[in-house]
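Structural characterization, general
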Amino acid sequence: MLNWYNGYSPIERNKKLQVSKRLMSKGTLSPATGPCALCGDPDVAVEYHDEDYGEPYIWTEPALFALCRNCHRDKLHKRFWRHSAWQAFIAHVRRGGYACDLKDPAIKREVSAYQQAIERGETCVLQQIRPYPRTIGTEWFANLRIDIESLVDTSARPRQ
Ligand SMILES: [Zn+2]
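The rules we used
Residues numbered from 1 in each chain as written. Predicted model: local features only at pLDDT ≥ 70, side-chain atom pairs only at ≥ 80, totals over all residues. Heavy atoms only, no water. Donors = N, O, S within 2.8 Å, 3.2 Å for Na, K, Ca; no water. Tetrahedral: all angles 85-135°; square planar, octahedral: opposite > 155°, others 65-115°. Helix = DSSP H or I, 4+ residues; strand = E, 2+ residues; numbered from the N terminus. Buried < 20%, exposed > 50% of the residue type's maximum accessible area, 1.4 Å probe, protein only. Polar contact = N/O pair within 3.5 Å; in protein donor to acceptor, adjacent residues only side chain to side chain. Contact = heavy atoms within 4.5 Å. Core = buried A, V, L, I, M, F, W, Y, C linked by side-chain atoms within 4.5 Å. Axes fitted to C-alpha atoms, helices over the stretch in contact; angles between N-to-C directions. Parallel < 35°, antiparallel > 145°, perpendicular 65-115°, else oblique. Left-handed = near helix turned anticlockwise from the far one by under 90°. Nonpolar A, V, L, I, M, F, W, Y, C, P; charged D, E, K, R; others polar.

Another aspect to go through is the coordination of the zinc ion. The textbook angles at a metal center are 109.5 degrees for a tetrahedron of four donors and 90 or 180 degrees for an octahedron of six. For the zinc ion, the full set of protein donor atoms is Cys36 (SG), Cys39 (SG), Cys68 (SG) and Cys71 (SG), and the range of their distances to it is 2.3 to 2.4 Å. Classification of the site at the zinc ion as tetrahedral follows from its 4 donor atoms and the range of 103 to 117 degrees in their angles at the metal. If you list the donors of the zinc ion from N- to C-terminus, the spacing comes out as C-x2-C-x28-C-x2-C. A residue pair is termed long-range when its members are at least 10 positions apart, and cysteine 36 in the loop between helix H1 (10–26) and strand E1 (46–50) and cysteine 71 in helix H2 (residues 69–75) qualify at 35 residues.

Written as structure tokens, this is what we have:
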């Protein structure tokens, strides 16, 4: 069962999801293709994430993004309950890190240390992994709301 997100109810979210399934089965909407719009991994399987469930439906960015499962389910949708983990993950992405890089224990430890530094109010630097092609602060995920209230707040909807 879906939860509220960006001020859209489970019923509204499910309605767009059902329409997307119908369009994909007809071939009108193509399956999601990479790279992951959050971590930038070009080789990972991706799935759709909706930021905007408003009608008329929009099937492109910035309403609809292709994300890897890890970014989508473990990072983006859990940011409301894990603020420092979300901030640390964004810092990891901005040093050219992919979500899958966190399978490496050394990289995972480094990001955990970064997260703990944030929690102590300290600053910390992560080693660059790859070049980062985007402009820091202007990414679609840079200024997403992380307050739990935004889940049910209709003013969180991208289109009013
Ligand atoms: Zn990703």
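Let's shift gears to the environment of serine 112. Here serine 112 lies in helix H4 (residues 105–119). Under the relative-accessibility criterion, serine 112 is labelled partly exposed at 29%. Once the C-alpha coordinates of serine 112 and alanine 85 are considered, the two residues, 27 residues apart in sequence, prove to be 8.0 Å apart.

A few words on the side chain of arginine 95. Along the chain, arginine 95 turns up in the loop between helix H3 (83–94) and H4. Looking at arginine 95, its side chain comes within polar contact range of the side chain of histidine 92, at 2.9 Å. Here arginine 95 is in contact with Ile107, Glu110, Val111, Leu126, Gln127, Gln128, Ile129 and Arg130, once residues within four sequence places are set aside.

The next thing to look at is the nonpolar core. Of all hydrophobic cores here, the largest spans 33 residues; its most connected members are Cys36, Leu38, Cys39, Cys71, Phe89 and Phe141. Those elements that provide at least two residues to this core are strand E2 (64–68), H3 and H4. In terms of residue count, the dominant contributor to this core is H3 (6 residues). When neighbours within four sequence positions are excluded, phenylalanine 89 is seen to be in contact with Leu38, Cys39, Cys71, Lys75, Ala99 and Leu102.

A few words on the packing of H3 against H4. H4 packs onto H3 with a crossing angle of 125 degrees between their chain directions and a minimal axis gap of 9 Å. With respect to H4, the element H3 is oriented oblique. For H3 against H4, the interelement crossing comes out right-handed. Here Ser84, Ala85, Gln87, Ala88, Ala91 and His92 of H3 come into contact with H4, specifically with Ile107, Val111, Tyr114, Gln115, Ile118 and Glu119. Class assignment for the residues of the contact of H3 with H4 results in 7 nonpolar, 4 polar and 1 charged.

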